[in-house]
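Structural overview for review
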Amino acid sequence: MTTAVAHTPRVLRPTTIKEATGALAVHPGARVVGGGTLVVAERSRGIDGPASYLLLSGIVDLSGVSRDGGGVRIGAQTTLRDLLDAEVSPLLDVALRSLATPQIRNRATVGGNIADRRPAHTLSPCFLALDAAVESAGAGGTRRRSMREFVSEGLAGGEIVVSVILPERSGFQRYTRVAPRNGPGYAIASVAVSIDPTARSVRTGLGGVGDSALAAPAADDFLTAAIDWDAQTTTDAAAAEYGRLLAEASNPVTDDRSTATYRRHAVTVMGRRLVEAWTEEQHHG
Amino acid sequence: MDDERISLNLQVNGTAYHVDDAWYFETLLSVLRYRLGLTGTKQSCETGSCGACTVLLDGRPINSCVALAADVQGNVTTIEGYSPADGSLTPLQEALVAAGDVQCGYCLPGMVLAGSAFIADHPNATDDEVREGMCGNLCRCTAYGSLITGIREASKR
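As the structure is a prediction and not an experimental result, all values here were calculated from the model.

**Some remarks on the overall build of chain B**
When you go through chain B residue by residue, the secondary structure sums to 6 helices and 5 strands. Helices and strands appear in chain B in the N-to-C order β-β-α-β-β-β-α-α-α-α-α. Dimensions of chain B, computed from C-alpha atoms along their principal axes, come out at roughly 55 × 30 × 25 Å. Here the contacts in chain B between residues at least 6 apart in sequence split such that 52% fall between residues at least 24 apart.

This is the structure in structure tokens:
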């Protein structure tokens, strides 16, 4: 029997980025598998499984953490465990320790955590705070966007994440979240922030309070202006206002984990406390 | 249809296995238990939450329930391969027995394998380190106190 429809192999195993994007152009229904922890768990939960999988594990160019000057390039297939071991940022260190379990971190990948922009996932808020860029590849080639653009636009059809690039950034970097417990489980809301005294810049990422991770440019600009960079200090009122602006940047929903009202309140408090923690660290740390 | 099935080559407990009629979406857990007969690896939540299905892949603990068998490269160690062939116990297993961390036993193969990787990385572990490092393994008998004691003591050896 012949058919006009291209037959999709059940398991596609590209070995290069070009092979992967070429295969996705021909077989758009294939589900991209980084480490599989999310894709396989969803199938087990009864969410319809795809007719075929495209495994990224055979693509050597997607793996590993490399340092380039002051910056860091994180390949999409880097496991969360390997990113934790690489100690690239104090903010990521805390975030990754709170992300799922050692077993999951040994398998789940950086690309998989950010690719479909799920709001509860941990890494996108962190990469926003670290002012990262995302490199993605599709049939038309490779492109590089800021993390801010990536969280609002996402991947185009047939694209894969290639790497996350972190610029050099110094100073205070912190991740905090509200969750049912400190152990494994998605956060209800999270805030990541970096306050860089060299660049005199504030960058914030919010998790769990929108359709995807969210940047908070108005809050960043406000705090940047409200900080006395020479004295490395700011006011209590500015800390509170920064928290309020984070809530304003949020667009949370009420779902089975929490309410929109609580999520807004949580980012307000977390934002204020993060600025207080920064002040504390400058003067007593 | 023939093309619905795939073939797999897996290295488990030092033995090379070939499976030629696996489903393409089959998990490592399913292949271990139902095709290779290695039932020491336990099936429980099937969503990567509980750790009962923990095996080692190149020495690192993973949840075999959320690993596609088609996507597993490297050496898999199950509880059958970890435990001494003569029926004796490893120091870690002895420490868990001594601490009384054995009730229904269903979580134990996963606990032992995750614990073996943990103590290799954490000599003289503190209780807090054990709590964090073993957070991927649930015990529904709630024998967590004795688990912490057992892992902590084993990390001293």
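**A closer look at the overall build of chain A**
A tally of regular secondary structure across chain A gives 11 helices and 12 strands. Here chain A has a C-alpha radius of gyration of 20 Å; the compact-globule value for 285 residues is 19 Å, and the two agree. Each principal axis of the C-alpha atoms in chain A carries an extent, and together these give about 75 × 45 × 30 Å. With 285 residues in all, chain A has 53% of them scored as buried. For chain A, the exposed area adds up to about 12,400 Å²; of that, 50% sits on carbon and sulfur atoms. Distance between charge centres in chain A, computed from 30 positive and 30 negative side chains, equals 7 Å.

**Observations concerning the pattern of salt bridges**
As enumerated under the stated definition, the model contains 28 salt bridges over all chains in all. Salt-bridge contacts for A:R145 lead to A:E159; the nearest nitrogen and oxygen are separated by 3.7 Å. With A:R145 in strand β7 (residues 141-146) and A:E159 in the loop between α8 (147-153) and β8 (160-166), the pair connects residues that are 14 residues apart, well separated along the chain. Among the residues examined, A:E159 registers a relative accessible area of 10% and is labelled buried. Residue A:E276 pairs with A:R272 through a salt bridge whose shortest N-O separation is 3.3 Å. Note that A:E276 and A:R272 are positioned in helix α11 (residues 260-284) at a spacing of 4 residues, about one turn of the helix. Given a relative accessible area of 33%, A:E276 falls into the partly exposed group. Each member of the salt-bridge network shares a partner with another, and the members are A:R81, A:D82, A:D85, B:R60 and B:D121.

**What about empty space enclosed by the protein?**
Using the criterion set out here, one finds 2 cavities of 30 Å³ or more in the structure. In this structure, the largest cavity occupies an estimated 40 Å³ of space. Around the largest cavity sit B:D101, B:V102, B:Q103, B:C104, B:G105, B:C107, B:L108, B:C139, B:C141 and B:A143, which together line it. In the lining of the largest cavity, the residues fall into 7 nonpolar, 2 polar and 1 charged. Taken together, A:P119, A:A120, A:H121, A:T122, A:Y175, A:A187, A:S190, A:G207 and A:G208 make up the lining of the second largest cavity. Of the residues that constitute the lining of the second largest cavity, the class distribution is 4 nonpolar, 5 polar and no charged. When we break the lining of the second largest cavity down by domain, the ones giving at least three residues each are domain 2 (62-166) and domain 3 (172-284) of chain A.

**As for unusual backbone geometry**
Residue and element names in this part refer to chain A. One non-glycine residue, E87, adopts positive backbone phi at about 50°. Summarising the element assignment, E87 is placed in the loop between α3 (80-86) and α4 (90-97). E87 gets classed as exposed once you look at its relative accessible area, which sits at 66%. Even without glycine at this site, R117 takes up a positive phi of about 55°. When you line up the elements, R117 lands in the loop between α6 (110-114) and α7 (123-129). Classification of R117 as partly exposed rests on a relative accessible area of 27%.

**Let's talk about the sheet that holds strand β4 (residues 60-63) of chain B**
Residue and element names in this part refer to chain B. Spatial ordering of the open sheet is given by β2-β1-β5-β3-β4, a layout of 5 strands whose pairing is mixed. The open sheet has two edge strands with one neighbour each: β2 (15-23) and β4. In this sheet, adjacent strand axes meet at a mean angle of 45° when their direction is disregarded. By the bridge criterion, 2 bridges tie strand β3 (residues 54-57) to strand β5 (residues 75-77) in an arrangement that is antiparallel. Directly across from L57, in β5, lies its bridge partner V76. Along the sheet, helix α4 (residues 108-121) makes contact with β3, β4 and β5, crossing β3 at roughly 35°.

**Looking at the domain arrangement of chain A**
Residue and element names in this part refer to chain A. In terms of domain boundaries, chain A breaks down into domain 1 (11-55), domain 2 (62-166) and domain 3 (172-284). Taken over C-alpha atoms, the centre of domain 2 sits 20 Å from the centre of domain 3. Of the residues lining the interface, 22 residues belong to domain 2; the matching set on domain 3 comes to 25 residues. Carbon and sulfur atoms supply 60% of the area buried between domain 2 and domain 3, which totals about 1,900 Å² over both sides. Looking at the side of domain 2 facing domain 3, the largest losses of area belong to P119, P125 and R148, adding up to 29% of the total buried there. For the pair domain 2 and domain 3, the number of links is 2 salt bridges. In this structure, the salt-bridge partner of D131 is R203, at a minimum N-O distance of 3.2 Å. At the junction of domain 2 and domain 3, the tally comes to 8 residue pairs in polar contact (both at pLDDT 80 or more). Put simply, the parts of the chain that give the side of domain 2 that touches domain 3 at least two residues each are α4, α7 and α8. If you tally residues by element for the side of domain 2 that touches domain 3, the top one is α7, at 5 residues. Classifying every residue of the side of domain 2 that touches domain 3 gives 13 nonpolar, 6 polar and 3 charged.

About the criteria used
Residues numbered from 1 in each chain as written. Chains lettered and ligands numbered in written order. Predicted model: local features only at pLDDT ≥ 70, side-chain atom pairs only at ≥ 80, totals over all residues. Heavy atoms only, no water. Helix = DSSP H or I, 4+ residues; strand = E, 2+ residues; numbered from the N terminus. Contact = heavy atoms within 4.5 Å. Rg over C-alpha atoms; globule rule 2.2 N^0.38 Å. Buried < 20%, exposed > 50% of the residue type's maximum accessible area, 1.4 Å probe, protein only. Areas by Shrake-Rupley, 256 points an atom, 1.4 Å probe, with all protein chains shown as cover. Lys, Arg positive; Asp, Glu negative; His and termini not counted. Charge placed at Lys NZ, Arg CZ, Asp CG, Glu CD. Salt bridge = Lys/Arg side-chain N within 4 Å of Asp/Glu carboxyl O. 1 Å grid on protein atoms, 1.4 Å probe; cavity = no way out; pocket = protein on both sides within 12 Å on 5 of 7 lines; lining within 4 Å. Points joined across faces, edges and corners; volume = space filled by probe spheres on them. Nonpolar A, V, L, I, M, F, W, Y, C, P; charged D, E, K, R; others polar. Domains from an automatic or database assignment. Pairing = 2+ DSSP bridges. Axes fitted to C-alpha atoms, helices over the stretch in contact; angles between N-to-C directions. Buried area = accessible area lost by both parts, 1.4 Å probe. Polar contact = N/O pair within 3.5 Å; in protein donor to acceptor, adjacent residues only side chain to side chain.

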